[in-house]
Each structure stands twice: as structure tokens, then as C-alpha cells.
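Geometric and topological summary
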Amino acid sequence: MERAVSYAVPLGQMEVFQALQRLHMTIFSQSVSPCGKFLAAGNNYGQIAIFSLSAALSSEAKEESKKPVVTFQAHDGPVYSMVSTDRHLLSAGDGEVKAWLWAEILKKGCKELWRRQPPYRTSLEVPEINALLLVPKENSLILAGGDCQLHTMDLETGAFTRALRGHTDYIHCLALRERSPEVLSGGEDGAVRLWDLRTAKEVQTIEVYKHEECSRPHNGRWIGCLATDSDWMVCGGGPALTLWHLRSSTPTTIFPMRAPQKHVTFYQDLVLTAAGNSCRVDVFTNLGYRAFSLSF
Amino acid sequence: MSSESSKKRKPKVIRSDGAPAEGKRNRSDTEQEGKYYSEEAEVDLRDPGRDYELYKYTCQELQRLMAEIQDLKSRGGKDVAVEIEDRRIQSCVHFMTLKKLNRLAHIRLKKGRDQTHEAKQKVDAYHLQLQNLLYEVMHLQKEITKCLEFKSKHEEIDLVSLEEFYKEAPPDISKAEVTMGDPHQQTLARLDWELEQRKRLAEKYRECLSNKEKILKEIEVKKEYLSSLQPRLNSIMQASLPVQEYLFMPFDQAHKQYETARHLPPPLYVLFVQATAYGQACAHMKSSQPPRQDKTLSVAIEGSVDEAKALFKPPEDSQDDESDSDAEEEQTTKRRRPTLGVQLDDKRKEMLKRHPLSVMLDLKCKDDSVLHLTFYYLMNLNIMTVKAKVTTATELITPISAGDLLSPDSVLSCLYPGDHGKKTPNPANQYQFDKVGILTLRDYVLDLGHPYLWVQKLGGLHFPKEQPQHTVIADHSLSASHMETTMKLLKTRVQSRLALHKQFASLEHGIVPVTSDCQCLFPAKVVSRLVKWVTIAHEDYLELHFTKDIVEAGLAEDTNLYYMALVERGTAKLQAAVVLNPGYSSIPPIFQLCLNWKGEKTNSNDDNIRAMESEVNVCYKELCGPRPSHQLLTNQLQRLCVLLDVYLETDSHDDSVEGPKEFPQEKMCLRLFRGPSRMKPFKYNHPQGFFSHR
């Protein structure tokens, strides 16, 4: 029987610790730079690593090209979400959002440009920020997470303008409805809520788990991922991945997948979705037919 | 005709005999001239030329007469006779003349001869004289040359130079006024001075000799005195031994050790010196205790010094030995032909031969347990090996799972990362091994000891990989630089192993021994229990389905120790596969979990299991406890129990299923889920006692 080849390098304390860290690392968020050459990834240890996409994807890519160009400790807790504006990288994790300049980020010892903490109600535990959403029309940032509220922050002034309450449990994901400036949020309480940004009120609520077709009680009721195409919405998580027609708030298609979905996006007419526990990215048509799967 | 002539002679000549007449003749010459007719005297008077003419005339006359006679005879007649007669008488006269002349001639001849003879005799005499004289001359000349060549001994003497002579010699010898002018006198004077000097020096020499004799005698006396001193000193030394022991200054012992140390091979010698120095330094540092009592490190040399000396016998002896051994070998070969394998075996044994002396180090730890290290030197391979043994103050009952913890084979494995001690550190040995068919040293380590890299460094041997050197020499500075670290590592190793040993005994009984100062890491009530703790083999660990990540990351080597723990609560069973690195506790044990409850959950299908592993593997530094962090493993196990409690109690209730939750939530948690991965609250906060998320 052939055994796995062990490394020739003797592992001292440092190497063992690093290996264990890597084994238990989870990458929660990623963001591409505005120039498209770099990819930022945030992990559960609060580190952000910047990879050079152009180097890694080029024809002369070596092993070293696939390693990060720079890694730095961004947050004390996990970096749950990241977005990029045209000049900044915004990262958020345990209760704070920090901004980094893309132009400076490659230099060692980069410091955050600013950090902001939305006004939280409780002080016992700092709630996490699970989702960041950019609203380009308003030039503002929406944060949502552990305190069950959506906070809007003006990117120029840094002031927190709104706090949208309604969720009974922490919010997992956000999506922006372009045409009417509405924000969709899905949370642990199993509901997808739509918010009007101008009036700062909740306009619609869809409690997914209450619909029998898509609910899967053994998985729970939490909504892990959201994507919207103005008229349509796809959401999944505990309940099955379902395509909803927003106006009528009815589920139209239920995608046949067992595992709870973590990510979903619309792409042209297709729905791409990935589950955290499998190695596949499934591609579906709107009608629920699985066209093909991209697999690791 | 002589008788005729004598007859015809007138009686003037008195002649009795020929000889006496001649003798008398000389006298008669002198007596009477007139009376005696001396023909000898006549000879002197007559002229030889006239005689010759007379002779010629006579001869002619005779011829004429004869011829006339002849003629007359031939003519014949009567008157002839008278004529003939006449002529006959004439011829007779002529004959007489001729006879006289003949006599005269003879006498002249005789005289002449006599004269010649005399002269010749004279000449001979002169000649002889001349020769004698010449001979004498030659002789004298030789003598002269000899004399001239004669080198007087005095010239061989190196006399002092003239200036010195005039300077040093006293005036009565040098006599300057005389000697200056006369070289002979000068030389004489110098010789005198020389003699004088020599006499003085001879005097001095005699004195010195006698001095020397005296001094030699004194030396003898003193030597005897000293040699009588030696046994007394020895007895004093013997007597002082108890005092030394009392004062903890075993000089004698140390001295003996140093004596034997001289026979150590260089690497062992370096080790011995450095270890002794380190031991003494450590003892010095602990000032609170009585001096040199705290013997945390004691060094001793074991083995046979005679054998060590025998290794370096002078050639003659070794030749004798060789011939003896040859004879022996011949005998053995006659008795039984050794097979190739046996010969190879002998060659292998020869190659792996150890030096008869070995250095023993005893490291004493705080709890009175001792690590005994015996260092050997393999002469042909130029490496050192070590055998280890751990003894404790009290007898240890070895729990089943702790079998390998303190075994001599593995207790020192990987003291430094990767130093497993199964391969020879000297790259040159490979070629030697190939010759005798040794594959690797691993097969022999049980017998010979382990050739760890730190052992070579302590002996000052350095084998650089990049440039293999022909001869590696033991280096003191290398040994010194590694001594302290290695000793500390050895002590921590022994102590951590002993701690584990004790802990395992407890773990096998299902009790996780948490010390009081670590209690704060855990909540007061822990319901999950450890039910099983066994050791598993490396191969078994590799076969487990939930350990693939660790194996792929290269963290599961064959130098590690593997265990399986089982934690239970109710119907839930949590299997934990533990990898224990020899470098525990600086390198943490690694846990891989598999939970059997409502299905099988591992880190590949349940993020919370992964989070639990992370709590134990990555966040181990919180669990180290007070230094020297021997509590790491037990704390990790205890945390595992707590994590299982949290996991089971915070399980989200499935509304569709009927019945109460199996595990009611007793733990205080702020939130049950957090973050996109919906983690459970695994972090325990002390002293508030609630669980939160990281």
C-alpha cells in the first residue's frame, strides 16, 4: 500500500501551527480590485490576503504566483464580508467596517483608512457584520448582521443615516433591487424582507419557511443567500433554493438540491449557485433545469 | 824455447825457480845492479818502439837467412854447409833476439797489466769511496729533509694569539723584551704560557669534578627522600577521601576521571569536557543550595581503559598479535570453513564496532526522576550514538497506552524536529555500508543506540550536507553552543513524558485529570465523559476516514504516537483521533473528530465539527496551562468534552420531529448562531461562565 508522502522538511513548532491554521481556515469573503488585477480574500482569523490574479492566471504562473502578494491582519474577528468601491476595499467582520485604499494595500504595514462602527443597541457582545452592500446611487453602504438591523452609512461623511429594524434574528445576506431602490435582506429568522430606501420602511416580507414546497425543517429556516433580478428573487439556505416572483411573492421554481445553499447569483438568464459543503457550482436555467455543474 | 833460452843464458842469471827468482828480483834490483841481470829493469830502459823495430828487423833477417839457407840448400854444394852453418848461427842469434824480445814483450805486458791492475784497484777504491760518500750524502739529505719536515708538536697546539698572549701572560713568562725580537724565544714563551694555562685549567677541572661528585651525592640523597615521600602522600590522599566527600569536593574522583578521559576518542572527550563544564556551571548558579550539592548533571566514564589502550598498541606488539590471531584464524579455518555470510557478518560487526569506553550522563529532574544517557562512539563510522533510560524515584506502573512513552527506543525521538535517529548522520558511511551489505543503521539501533543529530553536535561532530568532508574532527565550540539547549530539551522531554505517563493512567480510567489552576478554563459542570483512551498504530490512523486532511498536510509521520479517545453523552458518541508529536508539549497534539449522533458528522460535512477541531487544535495556547504546560493534552480533552456538551445542547430543534430535545440547553449562551457559517458558541468565558463566539 502506498502511503502518503510526508514532507521532507522536519516540522517544528511554527510549521505545525501554521499547518493547523491552514487546515482550519475558512475564507468568508472575497473582492476583486477595481482594476481587476487583484483579488482580496478575508478569512476567519481576521486576515486579508491579496492575490495577484494577473500573475496567477498568466501562462508563466509558478507555485509562488498562487501565494498571496501580501497578507495582513485586518480585524480581530473573522472577515465576513468585503466589497470594493472604485478606490477602496471595505471589509467588515466583528462589528466594525474598515476601509483600505487599493492603491496602498500592496505595501507592507498598510493601515486602514478609516473604521466605523454602527450604533449597536447591546454592548454585551459586539454583533458581527455579515453583509455589506454598496448603493452607488446614494454613495452609501448598507451593513447588516448580528444586531438584526440594516444600517446605512454615507460613504462620504461616514455618518450612519438609517437603521432598519424588522428582523427577529440576525441577518445573513443583502441584495439590491436596482430599479426601485429597494434592499432585500435574508436572515436567520427565515424571512426575506424588502426595504424601501427612501422611506426607510419595510415594504414586503416573505417568510420562506412557511411555504411548504420549499421548506426543509430538518435544515432549519435560515436564509443564507439572496439574489435578485428586480422582478425575480432567488433565495436559499435552510429551505430549498427557490425562485420567487417578487410582485406576487410566490415561489415559482424550486431547484432540486439537497445541501443548504450558501451563495447564489443571477447571470444573464442563468442562476449560478454554490453550496458550502460540496465542491460544485451549479448552473440552472430559470425553469429549474440544471444545465451543468462546474466542479472543483 | 824457454828452457833453451835458459840454457843459452849465461850464468849471469841465477835462476833456481821461476817464482822465487822473480821475488828476489825486486830485492836484487836494489842490491846489486851490476851483478844481477834484471830484465825487468831492462825493460824500463829500453824503448818499446825500438824493440818493435828490432823485432821487425830480426824477423826480416830471419826470413832472409832462411831464404838464403833455402837457396843454399837448393843449390847444394860443399861450402854450402859452412854458409849454412853460418847462417844457422846467425839465425840462432836472431832467434835469441827474438826470444829476448818476446821476453821483454811479455815482461812489458805483465808490467803493463800490473800497472793497469793497480790503477784499476785505485780507481775502484775511489769509486767505492765515492759511492760511500754519495750514499752518505743521500742519507744525510734524507735526514735533512726529515728534519726540515719535522713538525714539532708545538705547532699543533692552538696557541692563543699574539696579542692575547702579551696581554694575558704574566711578564716572567712572556719576557717581552726577549721574545719580541726572537721568534724562537717567543714561541717558547708562548708554549710556556700554554703549559701554564693548561695546568691551571687541569686544576680547575679536578676541582669541578670533585664538586660534581659531591652534588650528585646530594641529589641521590634528596631523591631517596622524595621517593620515601610518595607513599606517605598516597596515604594522606587516602585519608583525605572521607573529608573530600564530606565537603563535596571529590577531587580524587575527578582526577581519576580525567585520567580515564585521556583515553577517550575525540568526540567522546569533547562531550565529556563540555558536559562536565556545564554540570559545574549549573551547580555554581544555584547559589541557594550548598555548593556543588545540586548535581543535576553528573558525568561518568564507563568501560574498560585497558581495551582502549589496546587499540593503540605499538606495531611490534600488534604484529605479534597479528601472527597470533593469524594462527588462530588458520586453526579455525581448518576446523570449519566460515561461510560467506559469516565473513560478511564479521565484517559488519567490525564496521559497527564501538569504542570500549563510553560516557554516561545522568540528568536529574526536579521530581527526582533521572534520565540516564550512555554515549557510545562507533570508531569506523565516526559517529556517536546514545542509549537512554528513564528511572523514577518511585516505581511506575505503566498504563497500557503509555507503553511507548518512556521506552528507550523512542523517548528521545525527535528531540529536535525531524531528528528521528534512524539514519546515520555521516554521509560517508553509506559507502562503507555498501561494502558490507548494511542497508541502513535502523536495523542496529536497538543494539548500538540512536545516532541522533544532537548527539553528534554534542560531540562536536558536524557533517555538512553540501560539502562532505573527508575527516570530520570533533569541535569543542560546536558542542558548547548546543549543550545548554539540548540539556534543557532533554529535561523537558523527560518531564513531559512522565507527566503524560501519569495522565494516561488516569485517562484509561475515564477520568480527565484537570489540575486546579486549569479549572478556570472550563465550566463547572461537564456532562460528557471520556470512556475510552487507547493507543492505535500509525497504519490504523492512516486508514481512518476522517483523518485524511492531517495526513495530506504531512502532520502524521511515523515518529508520532497515535491515540483514540471516545467521549460519550447519551446517544452521542464522539471519536477523537489524536496525533501526539514527540515534541509535546511545545508541539500540540492534533485532534480529528467524528461524531456519531443523528448521522455521522465529520469536518467534511459539518462546519461545527470543524470549529470544534479548531478550538482544540488552533487555540491550544489557551489550554497550555502554567509552564511547563504539561496539562495541554488533558485540557484539550476536557475542552473536547465541553465542546460536545455545547454542540449537543445548542442543536437547533427540528420542529417536524416530535418529542423533547435529547439534551436540554443548560449552558448559558448569548446567541446560538452567528456569522454566515452559523457557528455554535464554543468559546467559554471565565469567570462569567457563558459561551460566546470567537
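Residues numbered from 1 in each chain as written. Chains lettered and ligands numbered in written order. Predicted model: local features only at pLDDT ≥ 70, side-chain atom pairs only at ≥ 80, totals over all residues. Heavy atoms only, no water.

1. Examining the overall build of chain A
As a reminder of what qualifies: Only runs of H or I of at least four residues qualify as helices and only runs of E of at least two qualify as strands under DSSP, and these elements are numbered from the N terminus. Buried means the residue's accessible area, taken with a 1.4 Å probe over protein chains only, is under 20% of the maximum for its type, while exposed means over 50%, and partly exposed covers the values in between. We call two residues in contact when some of their heavy atoms are within 4.5 Å. Only the protein chains shown count as covering a residue, and every accessible area follows the Shrake-Rupley method with a 1.4 Å probe.
A count of helices and strands for chain A gives two helices and 24 strands. Burial statistics for chain A: of 296 residues in total, 50% are counted as buried. For chain A, restricting intrachain contacts to residue pairs at least 6 apart in sequence, the fraction spanning at least 24 positions comes to 40%. Summed over its atoms, the accessible surface of chain A is roughly 14,700 Å², and 52% of this surface lies on carbon and sulfur atoms.

2. Section: the nonpolar core
Residue and element names in this part refer to chain B. Using the following cut-off: By nonpolar core we mean a set of buried residues, namely Ala, Val, Leu, Ile, Met, Phe, Trp, Tyr and Cys, connected to one another through side-chain atoms within 4.5 Å.
Counting residues in each nonpolar core, the largest one holds 90 residues, and the members touching the most others are F375, L412, W454 and F504. For this core, the element with the most residues is helix α23 (residues 632-649), which contributes eleven residues. What W454 contacts, discounting residues up to four positions off in sequence, is F375, V386, L412, L415, Y416, D419, T486 and L490. Counting residues in each nonpolar core, the second largest holds 20 residues, with Y541, A553, L555 and A577 among its members.

3. Some points on the sheet that holds strand β7 (residues 97-101) of chain A
Paired through backbone hydrogen bonds, the strands of a sheet run either parallel or antiparallel to each other. Residue and element names in this part refer to chain A. How we decide: At least two bridges found by DSSP between two strands are what make those strands a pair. Whenever a helix is involved, its axis is fitted only over the stretch in contact; in every case the axis is a line through C-alpha atoms, and angles between N-to-C directions fall within 0 to 180 degrees.
Pairing is antiparallel in the open sheet, where four strands are placed in the order β5-β6-β7-β8. For this open sheet the edge positions go to β5 (81-84) and β8 (114-116), each flanked by a neighbour on one side alone. Within this sheet the neighbouring strands show an average axis-to-axis angle of 20 degrees, counted without direction. Here β5 runs beside strand β6 (residues 88-92); their pairing, made up of four bridges, is antiparallel. Residue pairing for β6: M82 is matched across the bridge by S91.

4. Details of a nonpolar patch on the surface
For clarity, the threshold we go by: Each patch groups residues whose relative accessible area exceeds 30% and which form no salt bridge, using 9 Å between like charges and 5 Å between nonpolar side chains of Val, Leu, Ile, Met, Phe, Trp and Tyr. The salt bridge definition used is simple: a Lys or Arg side-chain nitrogen within 4 Å of an Asp or Glu carboxyl oxygen.
Taken together, the side chains of L140, I144 and L148 of chain B define a hydrophobic patch exposed on the protein surface, amounting to about 320 Å² of accessible area. Its place among the elements puts L140 of chain B in helix α5 (residues 79-149).

5. Digging into the interface of chain A and chain B
For clarity, the cut-off: When two components associate, each loses some accessible surface as probed by a 1.4 Å sphere; the sum of these losses over both components is called the buried area. Any pair of nitrogen or oxygen atoms within 3.5 Å is treated as a polar contact; in protein, a donor-acceptor pairing is required on top of that, and neighbouring residues in sequence qualify only through side-chain atoms on both sides.
Facing the 39 residues of chain A at the interface are 41 residues of chain B. When chain A packs against chain B, close to 3,500 Å² is buried across both sides, 58% of that on carbon and sulfur atoms. Considering only the side of chain A, the residues that lose the most area to chain B are L23, H24 and E125 of chain A, jointly responsible for 17% of the buried surface there. At the junction of chain A with chain B, the criterion picks out three salt bridges. On the surface where chain A and chain B come into contact, there are twelve residue pairs in polar contact (both at pLDDT 80 or more). The element contributing the most residues to the side of chain A that touches chain B is helix α1 (residues 13-23) of chain A, with seven residues.

6. Considering empty space enclosed by the protein
All names here are of chain B. To be explicit about the condition: Residues are called lining when one of their atoms sits within 4 Å of a cavity or pocket point, these points coming from a 1 Å grid over the protein atoms alone, where a cavity is a set in which a 1.4 Å probe fits but cannot get out and a pocket is an open set with protein on both sides within 12 Å along at least five of seven lines. Grid points are joined across faces, edges and corners, and a volume is the space filled by probe spheres set on the points. Under the grouping applied here, Gly and all other residues not named as nonpolar or charged are polar, the nonpolar ones being Ala, Val, Leu, Ile, Met, Phe, Trp, Tyr, Cys and Pro and the charged ones Asp, Glu, Lys and Arg.
One pass over the structure, following the stated rule, counts three cavities of 30 Å³ or more. Along the walls of the largest cavity sit L521, F522, P523, E615, R639, V642, L643, F682, Y684 and F691, which together make up its complete lining. When residues of the lining of the largest cavity are assigned to their parent elements, the largest contribution, three residues, is made by α23. Taken together, the residues of the lining of the largest cavity break down into eight nonpolar, no polar and two charged.

7. Observations regarding the confidence of the model for chain A
Should the pLDDT be low somewhere, the predicted coordinates at that spot are not to be read in detail. The line we're drawing: For every residue, the pLDDT score states the predictor's confidence, bounded by 0 at the bottom and 100 at the top.
Here chain A averages 81 in pLDDT, and 86% of its residues register 70 or above. Contacts for the low-pLDDT stretch residues 1-8 of chain A, under 50 throughout, to residues beyond four places or in other chains number ten contacts.

8. Describing the pattern of salt bridges
Scanning all chains against the criterion turns up 29 salt bridges over all chains. Two residues, R198 of chain A and D196 of chain A, come together in a salt bridge whose shortest N-O distance is 4.0 Å. According to the relative accessible area criterion, D196 of chain A is buried, its value standing at 14%. Note that E484 of chain B and K488 of chain B form a salt bridge whose closest N and O atoms lie 2.8 Å from each other. Linking E484 of chain B with K488 of chain B, this pair stays in helix α19 (residues 476-508), spanning four residues, or about one helical turn. Residue classification places E484 of chain B among the partly exposed residues on the basis of a relative accessible area of 39%.

9. Some remarks on the environment of G166 of chain A
Residues and elements named next belong to chain A. Tracing the backbone shows G166 in the loop between β12 (160-165) and β13 (171-177). In this structure, the C-alpha to C-alpha distance between G166 and R193, residues 27 residues apart in sequence, is 8.1 Å. Beyond its immediate chain neighbours, meaning those up to four positions away, G166 contacts C148, R193, W195 and E202.

10. Concerning unusual backbone geometry
At N139 of chain A, a position not held by glycine, the phi torsion is positive, near 55 degrees. Mapped onto the fold, N139 of chain A is located in the loop between β9 (129-135) and β10 (140-145). The phi dihedral of R678 of chain B is positive, around 55 degrees, even though this residue is not glycine. Secondary-structure assignment places R678 of chain B in the loop between α23 and β10 (683-684).

11. Comments concerning the sheet that holds strand β2 (residues 357-364) of chain B
Residues and elements named next belong to chain B. Ordered in space as β1-β2-β3-β4, the four strands form an open sheet in which the pairing is antiparallel. Because the sheet does not close on itself, it has two edges, and the strands there are β1 (297-303) and β4 (383-391). When strand polarity is set aside, the average angle formed by the axes of neighbouring strands in this sheet is 20 degrees. Sitting on the sheet, α19 touches β1, β2, β3 (370-378) and β4, and the angle it makes with β2 is about 60 degrees.

12. Remarks on the packing of α19 of chain B against α23 of chain B
Residues and elements named next belong to chain B. Note the following rule: The cut-offs work like this: below 35 degrees is roughly parallel, past 145 is roughly antiparallel, 65 to 115 is roughly perpendicular, and the gaps in between are oblique.
The interhelical angle for the contact between α19 and α23, taken along N-to-C directions, is 30 degrees, at an axis separation of 10 Å. Taken as axis vectors, α19 and α23 run roughly parallel relative to one another. Across from L500, Q503, F504 and L507 in α19, the residues of α23 making contact are L633, T634 and L637. Counted by class, the contact of α19 with α23 contains five nonpolar, two polar and no charged residues.

13. Details of the side chain of E194 of chain B
Residues and elements named next belong to chain B. Topologically, E194 is positioned in helix α10 (residues 183-247). The exposure class of E194 is buried, given its relative accessible area of 10%. Those residues in contact with E194, other than ones at most four positions away along the chain, are I157, D158, L159 and V160.

14. Structural notes on the pairing of β10 of chain A
Residues and elements named next belong to chain A. The buried fraction of β10 amounts to six of the six residues, a majority that puts the element mostly inside the structure. Across the two faces of β10 the burial is the same, with S140, I142 and A144 and L141, L143 and G145 all buried. By the bridge criterion, six bridges tie β9 to β10 in an arrangement that is antiparallel. Following the sheet pairing, L133 is matched in β10 by I142. The turn linking β9 back onto β10 is made up of four residues, and N139 within it adopts a positive phi angle of 55 degrees. Following β10, the chain reverses through three residues before pairing antiparallel with strand β11 (residues 149-154); C148 in that reversal takes a positive phi of roughly 65 degrees.

15. Some details on helix α22 (residues 607-617) of chain B
Within α22 of chain B, ten of the eleven residues are buried, which leaves the element mostly enclosed by the surrounding structure. Along α22 of chain B, the residues that are buried comprise N608, I609, R610, A611, M612, E613, S614, E615, V616 and N617 of chain B. Considering only its buried residues, α22 of chain B is in contact with α1 of chain A together with β7 (572-580), β8 (590-596), β9 (600-602), α23 and β10 of chain B. Backbone nitrogen of N608 of chain B and a side-chain oxygen of the N-cap are separated by 2.8 Å at the start of α22 of chain B; the cap is D606 of chain B.

16. Considerations on the packing of aromatic side chains
Residues and elements named next belong to chain B. Quick reminder of the rule: Two aromatic rings, drawn from Phe, Tyr or Trp (for Trp, its six-membered ring), form a pair once their centres lie within 6.5 Å of each other, and the interplanar angle then sorts them: stacked below 30 degrees, edge-to-face above 60, tilted otherwise.
If you walk through the whole model with that rule in mind, you get twelve aromatic pairs over all chains. Where Y258 meets F272, the ring centres are 5.7 Å apart and the plane angle is 75 degrees; that geometry is what we call edge-to-face. Of this pair, Y258 sits in helix α11 (residues 251-261) while F272 sits in helix α12 (residues 266-285), and the two are 14 residues apart along the sequence. The partly exposed category is assigned to Y258, whose relative accessible area is 40%. Arranged with centres 5.0 Å apart and planes meeting at 75 degrees, the rings of F504 and Y563 form a pair that is edge-to-face. One end of the pair, F504, is in helix α19; the other, Y563, is in strand β6 (residues 561-569), and 59 residues separate them in sequence. Taking the relative accessible area as the measure of exposure, F504 reaches 0% and is therefore buried. A network of ring pairs unites the aromatic residues F375, Y452 and W454 as a single cluster.

17. Let's talk about the pairing of strand β20 (residues 250-254) of chain A
Residue and element names in this part refer to chain A. Pairing geometry for strand β19 (residues 242-245) and β20, over four bridges, is antiparallel. In the sheet register, W244 faces β20, and the bridge partner there is P251. In sequence, β19 turns back onto β20 through a hairpin of four residues, with S249 there showing a positive phi of about 55 degrees.

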